[in-house]
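Residue-level structural notes
Residue-level listing of the chains:
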Amino acid sequence: MTHHWLADRTRTFDPSGIRKVFELGAKLADPINLSIGQPDFDVPVEVKEAAIEAIREGRNGYALSQGIPPLREKLQARIDDEYGHGDRQVLVTCGTSGGLVLAMWALINPGDEVIVFDPCFVMYDALAAMVGGRVVYVDTYPDFRIDVAQVAAAITGRTKMIVLNSPANPTGVVASEAEVRGLAELAARHDVVLLSDEIYREFCYEGPCLSPARYNDRVLVLDGFSKSHGMPGWRLGFAHGPSAVIEEMIKLQQYSFVCAPQPAQWAGLVALDVEMDAQIAQYRRKRDMLYQGLAERYELVRPGGAFYAFPRVPWGTGAEFVERAIRQHGLLIIPGSVFSRRDSHFRISYAADEATIRRGIEALGQLALPRP
Ligand code: PMP
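Once a new chain begins, its residue numbering starts again from 1 and follows that chain's sequence as written. In keeping with the predicted nature of the model, local features appear solely for residues at pLDDT of at least 70, side-chain atom pairs appear and are counted solely at 80 or more, and the whole-chain, interface and lining totals rest on all residues. The side-chain numbers reported here are obtained from all heavy atoms of the structure, hydrogens and water having been left aside.

Glancing now at the packing of aromatic side chains. The description of an aromatic ring pair rests on the distance of the ring centres and on the angle between the ring planes. The pairing test for Phe, Tyr and Trp rings, Trp by its six-membered ring, is centres within 6.5 Å, and the orientation test on the planes gives stacked under 30 degrees, edge-to-face over 60, and tilted for anything in between. In total, this model carries 18 aromatic pairs according to the counting rule given. Between Phe121 and Tyr124, the ring centres sit 5.5 Å apart and the planes meet at 80°, which makes this aromatic pair edge-to-face. Here the two residues Phe121 and Tyr124 agree in accessibility, since each one is buried. Within the aromatic cluster, the residues linked to one another by ring pairs are Phe41, Tyr200, Phe203, Tyr283, Phe307 and Tyr308. Its end group placed over the ring of Tyr283, Lys286 keeps NZ or CZ at 5.3 Å from the ring centre. Using a 1.4 Å probe on the protein chains alone, a residue whose accessible area is under 20% of its type maximum counts as buried, one over 50% counts as exposed, and one in between counts as partly exposed. Only lysine NZ and arginine CZ atoms are considered, and such an atom sits over a ring when it is within 6 Å of the ring centre and within 35 degrees of the ring normal.

In structure tokens:
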């Protein structure tokens, strides 16, 4: 028996529910897999070549914790160009997740309140709780829009951070200019951190996605290459924000991740100049296909970005519906309870080929029929 060895923090969260569906799917012969949160396109060839060349040339050692200078400088120049803030510094991280971990370590004291929107990406509440933070949920059902007044009402003397994710996982909803601006100004007024996870920034189908950093120069932004360039296995992301915060994140990175993988950083430098417009256009078409295929039978907010949709289940709970989808149709989708305190919806990822999306729509059409 080794259970008594385990630290209390291991009890603050369950294994990711996404992994459970993944494991179920591994047992099926020909699943319709609409559960995966990564693009189905491959890493661009010039990005692959850059990583191979870096490895061949012996760029395999530790990198500076803050990132290799050419990548950091290029990112910094772009960020300065975009925002023109006097005090905005960049740090290369181990995926966007690495940035999230560092941000929570650097900013959250035990008892600090962290406001997250419900539903949201699984790591926000898990990581905030892991460092002793108290998670405060702001419900966004049924349209998944941000009500700034509701967020304002949730702010207390202990609030330290608000986490924004637009375009959002799991809903695909893109926050409007009024929402982004309202939240940015609210955070500034109350002197709280606004953490903006912009990992889906490139996947915006109705015009450019707005960052709250446009309206508040102290917003901490997390971004990365996992989704934009289809390279989640390479563990490359970046964070930018006020230098005092970034400096602490660098210090924490020295004592934990050390640095992002060096060959991936050389590849990231090339990736910054690779056009991904064709892939994004293809994802817009997949979005249209899925939305049109489901809109009649499902209560569904039309997603404006990312590669997810979050329909309401037509009967039962999210867990019951997903269980039936997997058992009867081999359709892998994720129950809403993985992302939410409610269990009334399910997440579909359309990061799949069109034939798989079509099969998924067909199966969901049958599943929407009244239960016999
Ligand atoms: N943020 C969001 C909203 C995500 O959906 C994901 C990946 N599913 C991440 C962060 C983590 O990304 P990375 O692979 O770059 O760590």
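Moving on: the domain arrangement of the protein. When cut into domains, the protein gives domain 1 (3-43 + 276-367) and domain 2 (45-271). Segmentation into domains, and thus their bounds, comes from an automatic or database assignment. The gap between the C-alpha centroids of domain 1 and domain 2 is 24 Å. If you look at the interface, domain 1 gives 33 residues, while domain 2 gives 39 residues. Accessible area that two parts lose when put together, with a 1.4 Å probe and added across both, is what the buried area reports. Summed over the three residues of domain 1 that lose the most area to domain 2, namely Val43, Phe339 and Arg341, the buried surface amounts to 21% of that side. Any two residues whose heavy atoms approach within 4.5 Å at even a single point are treated as in contact.

In this model, Asp118 is joined to Pro119 through a cis peptide bond whose omega is 5°. Numbered from the N terminus, helices here are DSSP runs of H or I no shorter than four residues, and strands are runs of E no shorter than two. By the element assignment, Pro119 lies in the loop between β3 (113-118) and α5 (122-130). Across the junction of Asn169 and Pro170, the peptide omega takes the value 15°, indicating a cis bond. Locating Pro170 in the fold gives a position in the loop between β5 (159-165) and α7 (177-190). Even without a glycine there, the phi angle at Arg235 is positive, about 55°. Secondary-structure assignment places Arg235 in the loop between β7 (220-224) and β8 (237-241). Arg235 gets classed as partly exposed once you look at its relative accessible area, which sits at 31%. Unusually for a residue other than glycine, Val258 sits at a positive phi of about 75°.

Here, two cysteine sulfur atoms that lie within 2.5 Å of each other are counted as a disulfide. Under the defined criterion, the tally for this structure stands at one disulfide. A sulfur-sulfur distance of 1.4 Å marks the disulfide that ties Cys204 to Cys209. Classification of Cys209 as buried rests on a relative accessible area of 14%. Cysteine Cys120 is unpaired, with the sulfur of Cys209 as its nearest cysteine sulfur at 18 Å. For Cys120, a relative accessible area of 5% gives the class buried. Sulfur of Cys259: no disulfide; nearest cysteine sulfur belongs to Cys94 and is 6.9 Å away. Given the relative accessible area of 12%, Cys259 is considered buried.

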